[in-house]
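Listed below, chain by chain, are the residues.
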Amino acid sequence: DTAVSQTPKYLVTQMGNDKSIKCEQNLGHDTMYWYKQDSKKFLKIMFSYNNKELIINETVPNRFSPKSPDKAHLNLHINSLELGDSAVYFCASSQDFAGAYEQYFGPGTRLTVT
Amino acid sequence: AQSVTQLGSHVSVSEGALVLLRCNYSSSVPPYLFWYVQYPNQGLQLLLKYTTGATLVKGINGFEAEFKKSETSFHLTKPSAHMSDAAEYFCAVSDGNNDMRFGAGTRLTVKP
């Protein structure tokens, strides 16, 4: 069983479109995250949710909107896609939001905006 | 806020040689430290972590790291590199308040 899953794995779309990425974890964790990894492999946190509540919202354009329908799911919706949004997006989860817990990462979604 | 510096964006070793990946951190509170590995086209997975207690931490695949507070370092080592170790390695630091910061990553290449 996959611990943290994301769909789709690849997403190719045009500028100006709206797209969503879904994430699910079956680990029973309370905290979930979205990261963006650029072409140089730099990993930047975007959002963090604990028990469906937003607890971290880094400086991210408001075109990005996370939604957590329950603590096992954290989806990412992106409006008006731009070329600079092209990246690999990773979902992750951890047992709790306390920093001692490791994070479990999904396989990533490679977003290409043309 | 805490931060991580990984010295060397690319490290190349021969198969069987020592692997040493360097990580220095900055934190105003006792840190939690992690090493993650990312294989091509995959997500990150935990190699090892330091929270409290013994400063020499052993992880998966023969890797280990030592927390040195005086040097603010958490270098990753493996005595003998395997071809399968070729990957991107990330050091991360957390202050315990859900704020984990990752280093820029070090790409490890293993030559036959």
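These remarks concern the structure in this document. This structure is a prediction, so every number in the text was calculated from the model and none was measured. (Residues numbered from 1 in each chain as written. Chains lettered and ligands numbered in written order. Predicted model: local features only at pLDDT ≥ 70, side-chain atom pairs only at ≥ 80, totals over all residues. Heavy atoms only, no water.)

1. Comments concerning the side chain of Gln25(A)
All names here are of chain A. This is how the line gets drawn: Starting at the N terminus, helices and strands are each numbered in turn, a helix being any DSSP run of H or I of at least four residues and a strand any DSSP run of E of at least two. Under this definition, polar contacts are N or O atom pairs within 3.5 Å; protein pairs additionally need one hydrogen-donor-capable and one acceptor-capable atom, and for neighbouring residues in sequence, both atoms have to be side-chain atoms. Contacts were defined at the residue level, with two residues in contact if any of their heavy atoms lie within 4.5 Å.
Positionally, glutamine 25 belongs in strand S3 (residues 19-25). Side-chain polar atoms of glutamine 25 contact the backbone nitrogen of glycine 28, separated by 3.2 Å. Excluding its chain neighbours within four sequence positions, the residues that come into contact with glutamine 25 are Ala3, Val4, Met32, Lys71, Ala72 and Ser93.

2. Observations regarding the interface of chain A and chain B
To be explicit about the condition: Accessible surface is computed with a 1.4 Å probe, and the buried area is the amount of it that two parts give up when combined, taken over both parts together. Whenever Lys or Arg places a side-chain nitrogen within 4 Å of a carboxyl oxygen from Asp or Glu, that contact is recorded as a salt bridge. Classification used: nonpolar for Ala, Val, Leu, Ile, Met, Phe, Trp, Tyr, Cys and Pro, charged for Asp, Glu, Lys and Arg, polar for all others including Gly.
In this assembly, 25 residues from chain A lie in contact with 23 residues from chain B. Interface area, chain A with chain B, both sides summed: about 1800 Å², of which 52% is carbon and sulfur. Taken together, chain A and chain B are joined by one salt bridge. Ionic pairing is found between Glu102(A) and Lys49(B), a salt bridge with its closest N-O pair at 2.7 Å. Our count for the chain A to chain B interface comes out at four residue pairs in polar contact (both at pLDDT 80 or more). Of all the secondary-structure elements, those providing two or more residues to the side of chain A that touches chain B are strand S4 (31-37), strand S5 (43-50) and strand S6 (53-57) of chain A. Looking at the side of chain A that touches chain B, the element that brings in the most residues is S4(A), giving four residues. In terms of residue class, the side of chain A that touches chain B is built from 13 nonpolar, six polar and six charged.

3. Regarding the pairing of S4(A)
All names here are of chain A. Selection rule: A 1.4 Å probe rolled over the protein chains alone gives each residue an accessible area, and that area as a share of the maximum for its type sets the label: buried under 20%, exposed over 50%, partly exposed in between. A pair of strands is treated as paired once DSSP finds two or more bridges between them.
Buried residues dominate S4, accounting for six of its seven residues. Bridge count for S4 against S5 is seven bridges, and the pairing is antiparallel. Across the sheet, tryptophan 34 pairs through a bridge with phenylalanine 47, a residue of S5. Between S4 and S5, which pair antiparallel and follow one another directly, the connecting turn spans five residues, one of which, lysine 41, has a positive phi of 75°. Where S4 meets strand S9 (residues 87-94), seven bridges bridge the pair, whose relative direction is antiparallel. Residue threonine 31 lies in a different strand from S9, and its bridge partner there is serine 94.

4. A short note on unusual backbone geometry
All names here are of chain A. Between threonine 7 and proline 8 the backbone carries a cis peptide bond, its omega angle lying at -5°. Turning to its location among the elements, proline 8 is positioned in the loop between strand S1 (4-7) and strand S2 (10-13). With a phi close to 50°, asparagine 51 is a non-glycine residue in the positive phi region. With respect to the helices and strands, asparagine 51 occurs in the loop between S5 and S6. You can call asparagine 51 partly exposed: its relative accessible area is 36%. You will see that lysine 52, though not glycine, has its phi angle at about 75°, which is positive. Turning to its location among the elements, lysine 52 is positioned in the loop between S5 and S6.

Purely geometric numbers; function is a separate question.
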